[in-house]
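Geometric and topological summary
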2 protein chains.
Amino acid sequence: PDPDLAARVQHRLNRKTKPQGALGAIEALALRLALIQGHEAPRLHAPQLLVCAADHGLSRQGTSAYPREVTAQMVANMLQGGAAVSVLARQHGLALTVADCGVDAPPHPEATPMRVRAAGGTDDASLVPAMTEAEAQACLARGMAWLEGRPGNALLLGEMGIGNTASASLLMHALTGTPLVDCVGRGTGLDDAGLAHKRAVLARAVAANPGATAPGASPWAVAAAFGGFEILTLAGAALAAAAQRRVIVVDGFITTAAVALAEALCPGVRHACVAAHASAEAAHRAWLGHLGLAPLLQLDLRLGEGSGAALAWPLLPAACALLNEMASFDSAGVSERAA
Amino acid sequence: PDPDLAARVQHRLNRKTKPQGALGAIEALALRLALIQGHEAPRLHAPQLLVCAADHGLSRQGTSAYPREVTAQMVANMLQGGAAVSVLARQHGLALTVADCGVDAPPHPEATPMRVRAAGGTDDASLVPAMTEAEAQACLARGMAWLEGRPGNALLLGEMGIGNTASASLLMHALTGTPLVDCVGRGTGLDDAGLAHKRAVLARAVAANPGATAPGASPWAVAAAFGGFEILTLAGAALAAAAQRRVIVVDGFITTAAVALAEALCPGVRHACVAAHASAEAAHRAWLGHLGLAPLLQLDLRLGEGSGAALAWPLLPAACALLNEMASFDSAGVSERAA
């Protein structure tokens, strides 16, 4: 972040015809967008919403309330326009890409092919690393390459993958050092017994991958042990977006895992991020705090797909418009408060 | 509210391709919009944003951080397109009306004339009632008449009036019985000394208008004692909107006063309301709770003007689109969770 630019933008915000700070978090958002773009008058255009889908070996252990085949079914639903993220992308003019990063089913003809394995999801992390480091790097590269040449200057992140809150919990534990129990939640809706089972499976995954939680473990080791193909691909897209000064809109717990991995690989990515919301997944808010991200919405969302990013999206162009179009006390001839 | 309709809409929401309740407060919003419109498939069109402006006799007592002439200056700024609400109305396609309900300045040629007094704001409520009951009724009638024949099926409420948080605090005290001290906040940004002064002035206003806080006081007596012309006019527009099954989007503390008065006059108005946000004005959240309204946004906004209503607006058509356009488990062929 550029302190001179920050001071100039803050001064502009303070001279707008409103009490200082009266637009609350929207003023902080406008400042953040200006700093990401490196420009006093940030503008957003042609936002891209990338939904990465993949399956997880861990889901064979029954860590999700939903069966594994739902990943492929929801990819089809997204492409047919019936998923929440499809509806919201239409509603808000977001260009939607649904990428198959490793769905355990025959490829959907309309999904963007981004697999690093010909078939199947990740391996079962409760037994072995979810993937090799080479595969993790290949996912990252695919995500980065996808962004190349895409129009626009904003990237919204979304995901689909039965069992991927389990993967994200393991990544949070390994990357932040938060006790595992505090990283694990109910995902799409586990009951108490289901939650206890999920915690036990994840403890086995930690034990099965000692190198990933050893002091000084490399982010690649963490990614290979616990990652999902969709999470790594999103991390690659986020990494490229940050390098290109695109605004990254983070959705829920799983896309937070993606930007946290990108941040671990390339410190500074988080400065290009805007957190759309704090989800109902309990650990999500804590992880956002670790990354220094303040969520815009608090609506008890727990769907993923990028639905929260899409719901929050209109706040971003609104913040730009306020910064760029509001009159100042001087230009409007409005009296200021008594000193 | 129609319990059969509520059950049908809830069933539709539960059959959508997402875990039950995974869209959190957006599902509750979709249900509410359906109940307001009396229709399983709510749709919104041609939203009207009514900003009512007026001056307050109380502001002569120094209850605001800003000088009294700012009301007229901000009316001009809104009409010139430089105020926050002007920017947001353009951004989100809201038809903006700026009404002069009693600004203490020569009428602005482009403001919609809705004065009940030829000149001046309300009387000083710390000495006498702010207005007569006949004037309160005339304001209400003007607000109701304004809505007649307006297109669309949604009304967003906004206001401008230096000193009007003081008026709203008095109304909250009289209408809810909340101790006065808990109804009074910093408004546009009072310091500790300013806040103490405001509380003392408002205590004098309560003492000067004993009939307004007597047991069983009529809403008209409350409105006349403590009201602002802009608050009463908004109450009228809200009352008419509820009768016509239009959705009312409440902004901050002052527009909450307007719908609370409308509710006191005509119980049920609150069921037509959606609370856009919980403002930084401390008493606002409590008052929303009294009215059974759950705020959508929590962004520390404290500007008024309708800016919070305008910022929250996109969530409403998004909620409708999700209810109307998402696929169901059956139509999309998506597997459900294990029983």
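Once a new chain begins, its residue numbering starts again from 1 and follows that chain's sequence as written. Think of it this way: whatever chain is written first is A, whatever ligand is written first is 1, and the rest follow in order. Local features in this predicted model are restricted to residues of pLDDT 70 or higher, and side-chain atom pairs are both shown and tallied only at a pLDDT of 80 or more, whereas totals for entire chains, interfaces and linings draw on every residue. Excluded from the side-chain calculations are hydrogens and water; all other atoms, namely the structure's heavy atoms, are used.

1. Regarding the packing of aromatic side chains
Residues and elements named next belong to chain B. The pairing test for Phe, Tyr and Trp rings, Trp by its six-membered ring, is centres within 6.5 Å, and the orientation test on the planes gives stacked under 30 degrees, edge-to-face over 60, and tilted for anything in between. Summed over the entire model, instances satisfying the criterion amount to 2 aromatic pairs over all chains. Taken together, a centroid distance of 5.6 Å and an interplanar angle of 65 degrees make the contact between Phe-253 and Trp-287 edge-to-face. Of this pair, Phe-253 sits in helix α10 (residues 253–265) while Trp-287 sits in helix α11 (residues 282–290), and the two are 34 residues apart along the sequence. Exposed residues in this analysis have more than 50% of their type's maximum accessible area, buried residues have under 20%, and partly exposed residues fall in between, with area computed by a 1.4 Å probe over protein chains only. With relative accessibility at 1%, the residue Trp-287 sits in the buried group. Strands are runs of DSSP state E lasting at least two residues, helices are runs of H or I lasting at least four, and both sets are numbered from the N terminus onward.

2. What to know about the sheet that holds strand β3 (residues 112–113) of chain A
All names here are of chain A. Only strands that DSSP links by at least two bridges are regarded as paired with each other. The strand order across the open sheet formed by 6 strands is β3-β2-β1-β4-β5-β6, and the pairing between neighbours is parallel. Where the open sheet ends on each side, the last strands, each with one partner, are β3 and β6 (273–275). A contact between two residues is defined here by any heavy atoms of the two lying within 4.5 Å. Lines fitted to C-alpha atoms define the axes here, with helix axes fitted over just the stretch in contact, and angles between the N-to-C directions of these axes take values from 0 to 180 degrees. This element, helix α10 (residues 229–243), spans β1 (48–53), β4 (154–160) and β5 (247–250) of the sheet and lies at about 175 degrees to β4.

3. Focus on the interface of chain A and chain B
Taken together, the contacts link 57 residues of chain A with 57 residues of chain B. Take the accessible area each of two parts loses on contact, using a 1.4 Å probe, and add the two losses: that sum is the buried area. Both sides together, the interface formed by chain A and chain B hides about 4500 Å², and carbon and sulfur atoms give 61% of it. When residues of chain A are sorted by the area they lose upon contact with chain B, Tyr66(A), Leu299(A) and Arg337(A) head the list and together hold 14% of the total. Salt bridges are defined by distance alone: a side-chain nitrogen of Lys or Arg within 4 Å of a carboxyl oxygen of Asp or Glu. Summed over the shared surface of chain A and chain B, the number is 2 salt bridges. Here a polar contact means two N or O atoms within 3.5 Å. Within protein one must be a hydrogen donor candidate and the other an acceptor candidate, and residues neighboring in sequence count only if both atoms are side-chain atoms. There are 18 residue pairs in polar contact (both at pLDDT 80 or more) connecting chain A and chain B. If you list the elements that add at least two residues to the side of chain A that touches chain B, you get α2 (24–37), α3 (70–80), α4 (84–92), α13 (307–312), α14 (315–325) and α15 (329–332) of chain A. Residue composition of the side of chain A that touches chain B, grouped by class: 32 nonpolar, 16 polar and 9 charged. Classification used: nonpolar for Ala, Val, Leu, Ile, Met, Phe, Trp, Tyr, Cys and Pro, charged for Asp, Glu, Lys and Arg, polar for all others including Gly.

4. A short note on the pattern of salt bridges
Summed over the entire model, instances satisfying the criterion amount to 24 salt bridges over all chains. The partner of Asp104(A) in a salt bridge is Arg68(A), and the shortest N-O contact between them spans 2.9 Å. Residue Asp104(A) is located in the loop between β2 (95–100) and β3, and its partner Arg68(A) is located in the loop between β1 and α3; the two are separated by 36 residues in the primary sequence. Salt-bridge contacts for Arg270(B) lead to Glu263(B); the nearest nitrogen and oxygen are separated by 3.4 Å. Overall, the relative accessible area of 29% leaves Arg270(B) in the partly exposed class.

5. Let's talk about the sheet that holds strand β3 (residues 112–113) of chain B
The sheet built from 6 strands is open, its strands ordered β3-β2-β1-β4-β5-β6 (chain B) with parallel pairing. Among the strands making up the open sheet, the edge pair consists of β3 and β6 (273–275) of chain B.

6. Let's talk about the side chain of Glu281(B)
Residues and elements named next belong to chain B. Here Glu-281 lies in the loop between β6 and α11. Of the side chains bearing the opposite charge, Lys-198 lies closest to the buried Glu-281, which forms no salt bridge; the N-O distance is 4.2 Å. Looking at Glu-281, its side chain comes within polar contact range of the main-chain nitrogen of Gly-185, at 3.1 Å. None of His or the chain ends enter the tally, which takes Lys and Arg as positive and Asp and Glu as negative.

7. So, unusual backbone geometry
All names here are of chain B. Non-glycine residue Ala-46 carries a positive phi angle of around 50 degrees. With a phi close to 70 degrees, Glu-305 is a non-glycine residue in the positive phi region. For Glu-305, the location among the structural elements is in the loop between α11 and α12 (307–312). Look at Glu-305 and you get buried, because its relative accessible area is 1%.

8. Considering helix α6 (residues 164–176) of chain B
Residues and elements named next belong to chain B. The end-to-end C-alpha distance of α6, which contains 13 residues, comes to 18 Å, matching closely the 18 Å that a straight helix rising 1.5 Å per residue would cover. Here α6 lies mainly inside the structure; 10 of its 13 residues are buried. For α6, every residue scored as buried is listed here: Asn-164, Thr-165, Ala-166, Ser-167, Ala-168, Ser-169, Leu-170, Leu-171, Met-172 and His-173. For α6, the secondary structure elements touched by its buried residues are β4 (154–160), α7 (192–208), α8 (219–226), α9 (229–243), α10 and α11. One less than the residue count of a helix, multiplied by 1.5 Å, gives the span that helix is expected to have.

9. Notes on the domain arrangement of chain A
All names here are of chain A. In this document the domain limits rely on a domain assignment from an automatic tool or a database. What the domain assignment lists for chain A is domain 1 (3–42 + 322–332) and domain 2 (48–312). Averaged C-alpha coordinates put domain 1 and domain 2 at centres separated by 33 Å. Together domain 1 and domain 2 conceal approximately 740 Å² of surface at their shared face, both sides included; 57% is due to carbon and sulfur atoms. Among the residues of domain 1 in contact with domain 2, Arg-32, Ile-36 and Gln-37 are the three that bury the most area, contributing 70% of the side total. Along the contact surface separating domain 1 from domain 2 lie 0 salt bridges. The tally of links from domain 1 across to domain 2 stands at 4 residue pairs in polar contact (both at pLDDT 80 or more).

10. A short note on the relation of the copies chain A and chain B
By a simple turn and slide, chain A fits onto chain B: the slide is 0.0 Å along the axis, the RMSD is 0.0 Å, and the turn is 180 degrees. The transformation relating the two chain copies, once decomposed into turn and shift, fits a two-fold axis. Here 100% of the interface residues in chain A have copies in chain B that are interface residues too; the copies meet face to matching face. To superpose the copies, least squares is applied to the C-alpha atoms of every residue with a pLDDT of at least 70 in both.

11. Describing helix α11 (residues 253–265) of chain A
Residue and element names in this part refer to chain A. Its 13 residues place the ends of α11 19 Å apart at the C-alpha level, agreeing with the 18 Å of an ideal helix rising 1.5 Å per residue. Among the 13 residues in α11, 11 count as buried, and that is most of the element. Of all the positions in α11, only Phe-253, Ile-254, Thr-255, Thr-256, Ala-257, Ala-258, Val-259, Ala-260, Leu-261, Ala-262 and Glu-263 are classed as buried.

12. Here's the deal with the packing of α6(B) against α8(B)
Residues and elements named next belong to chain B. For the pair α6 and α8, the least separation of the axes is 9 Å and the interaxial angle reads 155 degrees. By the angle between their directions, the pair α6 and α8 is classed as roughly antiparallel. Note on packing geometry: the crossing formed by α6 with α8 is right-handed. Residue-level contacts link Ser-167, Leu-170, Leu-171, Ala-174 and Leu-175 of α6 to Val-222, Ala-223 and Phe-226 of α8. In this scheme, roughly parallel covers angles under 35 degrees and roughly antiparallel covers those over 145, while 65 to 115 is roughly perpendicular and the rest are oblique. Less than a right angle of anticlockwise turn of the near helix away from the far helix marks a crossing as left-handed, whereas a clockwise turn marks it as right-handed.

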